Amino acid sequence: MASEEFLYGLHSVELAIKRDKKRIKRVYLLHASKNAKLQKIIQLCKAHHIAFEMVDKLFFTQYQLEKVNHQGVTALVEAKTMGSEADLKRLLENLSHEPLILLLDGVTDPHNLGACLRTANAAGVDALVVPKDRSVGLNATACKVASGAADVTPVFQVTNLNRTIDYLKSLNIWLYGTAGEVKDTLYTTTFTGGVALVMGSEGEGLRQSTRSHCDFLIKIPMLGQVSSLNVSVATGVVLFEVVRQRVAQ
């Protein structure tokens, strides 16, 4: 039996109704809320024949939702599942263009995962890959921050990230890891062919074993006093340099 979770927030619930209504078990709306946008959710539920219920604040407290920005609406849904290594291989085997892959090595904050996923979708990333251990899953918080990207950009969870990196190499995909202390920058790097970007964790960056499996190590030049960027911001900077070079070709 599939596990269940609460998806919350106006935008997240609306997108779920429009794109993946089969996941939704029931929608709960705060009856005392004065947010007119809740009426749109009610109309969508009626149009898509989705059960909904008006509840009070105690409901959100009971399910520990009072500390999140639920905006007066939550939906009980089947938990979002991530693809496997076999699923990733099938996707790559059927691509008709040079792949653009994002791998996250040990990102544990769901807000960062969601932000990376949103940026990945905007940059046209074909797949986002996370390791099974030392990494956050695709939970409700990550899905909300992703603003719908979790429904359109596939996320794959792999047992061994380095083995996946070696598999990508076998497909002639170049692996670019990020490390602040190296000489080469993303602006002196030419991203050609299939590209896989490997980003490290929020605190430690790339693990040494992951670094050793990358083809290239690059950095974002830092001109101010801070020594590093948030992983989701850094991901956006590097991904869109790849996009800029591809568009310019």
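Computed from a prediction, not measured in an experiment: that's the story for all the values here.

Conventions adopted
Residues numbered from 1 in each chain as written. Predicted model: local features only at pLDDT ≥ 70, side-chain atom pairs only at ≥ 80, totals over all residues. Heavy atoms only, no water. Core = buried A, V, L, I, M, F, W, Y, C linked by side-chain atoms within 4.5 Å. Buried < 20%, exposed > 50% of the residue type's maximum accessible area, 1.4 Å probe, protein only. Contact = heavy atoms within 4.5 Å. Phe/Tyr/Trp six-rings, centres within 6.5 Å; stacked < 30°, edge-to-face > 60°. Helix = DSSP H or I, 4+ residues; strand = E, 2+ residues; numbered from the N terminus. Lys NZ or Arg CZ within 6 Å of the ring centre and 35° of its normal. Pairing = 2+ DSSP bridges. Axes fitted to C-alpha atoms, helices over the stretch in contact; angles between N-to-C directions. 1 Å grid on protein atoms, 1.4 Å probe; cavity = no way out; pocket = protein on both sides within 12 Å on 5 of 7 lines; lining within 4 Å. Points joined across faces, edges and corners; volume = space filled by probe spheres on them. Parallel < 35°, antiparallel > 145°, perpendicular 65-115°, else oblique. Left-handed = near helix turned anticlockwise from the far one by under 90°. Nonpolar A, V, L, I, M, F, W, Y, C, P; charged D, E, K, R; others polar.

I'd like to hear about the nonpolar core, residue by residue, with values.
Counting 50 residues, the largest nonpolar core has Val27, Ile41, Leu102 and Leu104 as the members making the most contacts within it. With residues up to four places along the chain from it excluded, the contact list for Val27 reads Val13, Ile41, Cys45, Ile50, Ala51, Phe52, Glu53, Val73, Thr74 and Ala75. Grouped together as the second largest cluster of nonpolar side chains are 18 residues, Leu92, Leu161, Ile173 and Leu175 included.

How would you explain the packing of aromatic side chains if you had to name every residue and give the values?
Overall, the coordinates contain nine aromatic pairs when judged by the stated rule. Ring centres 5.7 Å apart and planes at 45 degrees place the aromatic pair Trp174 and Phe216 in the tilted group. Taken together, the positions of Trp174 in strand β8 (residues 173-178) and Phe216 in strand β10 (residues 216-218) put the pair 42 residues apart, joining distant regions of the chain. A relative accessible area of 35% means that Phe216 is categorised as partly exposed. Of note, Lys89 hangs over the ring of Tyr167, and the distance from its end group to the ring centre comes to 5.0 Å.

Please give an account of the sheet that holds strand β7 (residues 155-158) that cites residues and values.
Strands sit in the order β7-β6-β5-β9-β8-β10 across an open sheet of six strands; the sheet is parallel. Strands with a single pairing partner mark the edges of an open sheet, and in this sheet they are β7 and β10. Ignoring strand direction, the axes of neighbouring strands in this sheet form an average angle of 25 degrees. Looking at chain direction, strand β5 (residues 100-104) and strand β9 (residues 194-199) are connected through five bridges and run parallel. Residue pairing for β9: Leu100 is matched across the bridge by Val195. Of the strands in this sheet, β5, β8, β9 and β10 are in contact with helix α9 (residues 231-248), which crosses β9 at around 165 degrees.

Pulling in residues and values, what's your account of the sheet that holds strand β4 (residues 73-78)?
A sheet is described by the order of its strands in space; here four strands give the open sequence β1-β4-β2-β3, paired in mixed fashion. For this open sheet the edge positions go to β1 (4-8) and β3 (52-55), each flanked by a neighbour on one side alone. When the angles between neighbouring strand axes are averaged without regard to direction, this sheet yields 25 degrees. As judged from the four bridges shared by strand β2 (residues 24-30) and β3, these two strands associate in the parallel manner. Residue pairing in the sheet places Leu30 in a bridge with Val55 of β3. Contacts between helix α1 (residues 10-19) and the sheet are confined to β1, β2 and β4, with β1 contributing the most and set at about 120 degrees to the helix. Sheet strands touched by helix α2 (residues 37-47): β2, β3 and β4. Its angle to β2, the strand with the most contacts, is close to 150 degrees.

Report on the layout of surface pockets, specifying residues and quantitative values.
If you add up the space inside the largest pocket, you get close to 510 Å³. If you trace the largest pocket, you find 24 residues lining it, with Thr178, Ala179, Gly180, Ser228 and Leu229 closest to the centre.

Pulling in residues and values, what's your account of the packing of helix α4 (residues 85-93) against helix α7 (residues 161-170)?
With their axes 12 Å apart at the nearest point, α4 and α7 run at an angle of 15 degrees to one another. Judged on the interaxial angle alone, α7 and α4 are roughly parallel. As for how α4 packs across α7, the hand of that crossing is right-handed. Residues Glu85, Leu88, Lys89, Leu92 and Glu93 of α4 touch α7, and the partners they reach there are Arg163, Thr164, Tyr167 and Leu168. The class makeup of the residues in the contact of α4 with α7 is four nonpolar, one polar and four charged.

These results come straight from atomic positions and should not be treated as a statement about function.
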